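Remarks on the overall topology
Each chain, written out:
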Amino acid sequence: MNYHQYFPIDVVNGPGTRVTLFVSGCEHQCRGCYNQSTWNPCSGHLFDQAMIEQVIKDLNDTRIKRRGLSLSGGDPLYPQNLDDILALVQRVKNECPGKDIWLWTGYTLDELTPAQRAVIAYVDVLVDGKFEQSLADPSLVFRGSSNQVIHYLSDNHEFKA
Ligand code: SF4
């Protein structure tokens, strides 16, 4: 898997102070996409072992407490990303107690494949659906258009948008 950007401290993409990873690879081709440069799965940089260790280390950093990990893109559930994303969310849940995971995807929850659902099993909050330009609303929190839904999948979240 490749990624475009990694923010070790982020207060925009999800509640609280977080670490955020924007992955490469997306097949949705939403009109008005703000991140077209991420569509090509070969763009960006390799998400290698060192990057995985950095994410774990940042989440466990006691000097700057992070609430959790945000996964966006691109699409973390793009088929070619699933093996690496699954390994990452498993490690976060095993090695970073109490941290939540938010994930943004262009797929809708009800159309996810079994392999995508295997990832979602570790995700606390899923924001789903393509960006629909005609339904765009800048007043929405943590989503770009009103068709997108914030699914609270676990009890591990203190904040609801
Ligand atoms: S799902 Fe996100 S990254 Fe992919 S095309 Fe739509 S807005 Fe762009």
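Small disclaimer: the values here were computed from a predicted structure and weren't measured.

Considering the sheet that holds strand β2 (residues 18-23)
Strand order across the open sheet formed by seven strands is β3-β1-β2-β4-β5-β6-β7, with mixed pairing between neighbours. Among the strands making up the open sheet, the edge pair consists of β3 (45-46) and β7 (149-152). Looking at chain direction, strand β5 (residues 100-104) and strand β6 (residues 125-128) are connected through three bridges and run parallel. Looking at the pairing, Trp104 lines up with Val127 of β6. Here helix α1 (residues 49-59) sits on the sheet and contacts β1 (2-10), β2 and β4 (68-72); the angle it forms with β2, its principal contact strand, is near 155°.

Let's talk about the nonpolar core
Counting 29 residues, the largest nonpolar core has Leu69, Leu71, Val89, Val92, Ile101, Leu103 and Val123 as the members making the most contacts within it. Contributions of two or more residues to this core are made by β2, α1, β4, α2 (82-95), β5, α3 (114-120) and β6. For Leu69, the contacting residues outside a window of four places in its chain are Arg18, Val19, Val55, Leu59, Val92, Lys99 and Ile101.

What counts and what doesn't
- Residues numbered from 1 in each chain as written.
- Predicted model: local features only at pLDDT ≥ 70, side-chain atom pairs only at ≥ 80, totals over all residues.
- Pairing = 2+ DSSP bridges.
- Helix = DSSP H or I, 4+ residues; strand = E, 2+ residues; numbered from the N terminus.
- Contact = placed C-beta atoms within 7 Å.
- Axes fitted to C-alpha atoms, helices over the stretch in contact; angles between N-to-C directions.
- Core = buried A, V, L, I, M, F, W, Y, C linked by C-beta atoms within 7 Å.
- Buried ≥ 20, exposed ≤ 12 C-beta atoms within 10 Å, placed from the backbone.

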